[in-house]
Amino acid sequence: MSTEAYHPGLEGVIAGETAISSITGGLSYRGYSITDLAVQSTFPEVAYLLLHGELPNEEELADFKTILDESATIDPSIIQFLGQIPLHVSSMDALRTGVSAVAHFDPQLDDDRPAAKIAQATRLLGQIPILIAARHRLRRGLPLIPHDPELSFAGSLLRLITGETPSPLAEKAFDVSLILYAEHEFNASTFTARVITSTQSDLYSSIVGAIGALKGALHGGANERVLEVLQEVDDPSRADDWVREALSKKRRIMGFGHRVYKDGDPRATILRNYCQMLAAEREDNRLERIADTIESFVKSEKGLPPNLDWPSARLYHYLDLEVDLFTPLFVASRVAGWAAHVIEQGANNRLIRPRSRYIGPPSRPYLRLDERSN
Ligand SMILES: CC(C)(COP(=O)(O)OP(=O)(O)OC[C@H]1O[C@@H](n2cnc3c(N)ncnc32)[C@H](O)[C@@H]1OP(=O)(O)O)[C@@H](O)C(=O)NCCC(=O)NCCS
């Protein structure tokens with residue numbers, strides 16, 4: 001390949017092959033449309049599909065759920081440490097530390113067989129909700145809530161954080177958000193995970209690196225900033241002026257635009273419907289009206305459609321979740337996709353090591369320290 005071909009941000013570059021998901025013709029996971037999965041499936045079924053390649057039957061799903069339930073315990077020393085991390089540290093940073101700490105207690109850490117990685121990933125799926133909720137509640141001096149195996153994955157995760165069992169609509173809406181967040185081919189965090197795996201590092205290192213990549217405002221961190229936008233605008237009548245001013249200052253409006261979806265993110269449409277249902281359940285559609293006004297104005301001014309983070313921020317707000325938890329909850333779901341990519345990369349590995357185009361000074365003579373000091 002010519003070393004002259006250069007695509008800033010790797011835009012449009014095919015950097016690998018995957019059988020996990022496809023964006024072409026609508027987003028699908030292992031051949032299943034996300035619309036079908038969101039309507040008919042549950043997050044554990046989707047996580048199983050991503051990790052194992054096929055949807056589970058009843059027995060396989062029950063076994064998978066048992067592992068998730070059994071993993072919902074964390075070594076007490078980690079929980080204690082989460083409570084000692086300084087209060088100002090964000091939930092996302094604490095989660096990155098928590099996942100790294102969990103690795104030290106995994107006896108299979110260096111076992112790189114696919115089955116061992118699936119087992120590690122399944123345990124991590126059960127542990128991450130505990131890490132998120134424990135840190136959140138300890139930080140606020142609240143008692144920890146035990147995982148309830150009688151609840152669904154989504155229902156238990158919400159209860160672990162808020163202490164309340166969610167309504168059936170809230171539980172379904174949250175489950176759908178987890179399904180939609182679970183996988184998205186070669187996005188920045190997934191690519192990070194694959195790069196780390198390509199050096200023959202372990203699964204946890206790949207996931208910790210991916211969490212670091214997801215945190216940024218241009219990637220997963222956008223969902224936290226979206227709520228700040230809605231709160232800043234505060235009233236539908238102020239939306240047009242706010243957007244006009246933001247655009248005139250060349251400000252990026254969080255929750256809009258996408259590197260791949262230039263005509264609209266299909267996940268955003270699905271989740272918007274749940275936002276409207278939840279707003280109706282709360283008998284308060286003010287945020288929906290603000291969001292709709294911003295949406296039409298950004299579309300007409302810039303031609304930019306919303307991405308998944310636009311509705312998910314409102315949805316999580318309706319579920320009484322604090323903003324600081326939005327991106328960690330993205331992790332709770334995306335870890336399934338990351339792990340699937342780690343397994344896929346490991347099974348057919350080639351070190352990911354691209355080239356750069358040098359733009360520094362031309363070749364020059366070396367001067368000794370005394371010569372440089374005169
Ligand atoms: C996601 C994102 C990084 C993709 O960016 P990209 O593919 O690199 O697109 P570009 O930066 O080339 O943007 C193309 C044009 O749209 C503008 N644009 C893109 N997203 C924008 C946004 N959210 N608000 C305002 N303008 C935006 C750019 O400024 C650029 O305008 P210009 O041609 O006048 O300079 C970008 O859309 C963004 O920053 N969105 C906000 C953060 C976000 O929601 N992230 C979650 C992604 S799922």
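Residues numbered from 1 in each chain as written. Predicted model: local features only at pLDDT ≥ 70, side-chain atom pairs only at ≥ 80, totals over all residues. Heavy atoms only, no water.

A. Molecular detail of the side chain of T190. With respect to the helices and strands, T190 occurs in helix α9 (residues 188–198). Residue classification places T190 among the buried positions, given a relative accessible area of 0%. Of note is the side chain of T190, whose polar atom sits 2.9 Å from the side chain of N187. In contact with T190, other than residues within four places in its own chain, are E185, R334, W338 and H341. (Helix = DSSP H or I, 4+ residues; strand = E, 2+ residues; numbered from the N terminus. Buried < 20%, exposed > 50% of the residue type's maximum accessible area, 1.4 Å probe, protein only. Polar contact = N/O pair within 3.5 Å; in protein donor to acceptor, adjacent residues only side chain to side chain. Contact = heavy atoms within 4.5 Å.)

B. Molecular detail of the site of the ligand. The environment of the ligand is formed by 19 residues, the closest being R252, I253, G255, F256 and R259. With respect to the ligand, the backbone of L218 contributes an N or O atom lying 3.1 Å from a nitrogen atom. Note that an oxygen atom of the ligand is positioned 2.8 Å from one of the backbone N or O atoms of G255. In isolation the ligand offers 870 Å² of accessible surface; the protein chains occlude 69% of this area. Using a 2 Å cut-off from the grid points, one finds that the ligand occupies the largest pocket. Taken together, the residues of the shell around the ligand sort by class into eight nonpolar, five polar and six charged. (Near = heavy atom within 4 Å. Areas by Shrake-Rupley, 256 points an atom, 1.4 Å probe, with all protein chains shown as cover. 1 Å grid on protein atoms, 1.4 Å probe; cavity = no way out; pocket = protein on both sides within 12 Å on 5 of 7 lines; lining within 4 Å. Sits in = over half its atoms within 2 Å of the grid points. Nonpolar A, V, L, I, M, F, W, Y, C, P; charged D, E, K, R; others polar.)

C. Representation of the packing of helix α10 (residues 203–214) against helix α16 (residues 326–347) in the model. Relative to each other, α10 and α16 sit at 135°, their axes nearing to 10 Å. Between α10 and α16, the angle falls in the class oblique. In the packing of α10 onto α16, the handedness of the crossing is right-handed. Contact residues: L203, S206, I207, A210, I211 and L214 in α10; T327, F330, V331, V335, W338, A339 and V342 in α16. Here the contact of α10 with α16 is composed, by residue class, of eleven nonpolar, two polar and no charged. (Axes fitted to C-alpha atoms, helices over the stretch in contact; angles between N-to-C directions. Parallel < 35°, antiparallel > 145°, perpendicular 65-115°, else oblique. Left-handed = near helix turned anticlockwise from the far one by under 90°.)

D. Geometry of the domain arrangement of the protein chain. Segmentation of the protein chain into domains returns domain 1 (34–193 + 324–347) and domain 2 (222–318). A C-alpha centroid distance of 26 Å is found between domain 1 and domain 2. In this complex, domain 1 contributes 22 residues to the contact, which on the side of domain 2 involves 19 residues. In total, domain 1 and domain 2 occlude about 1800 Å² of area from one another, counting both sides; carbon and sulfur atoms represent 69% of this. (Domains from an automatic or database assignment. Buried area = accessible area lost by both parts, 1.4 Å probe.)

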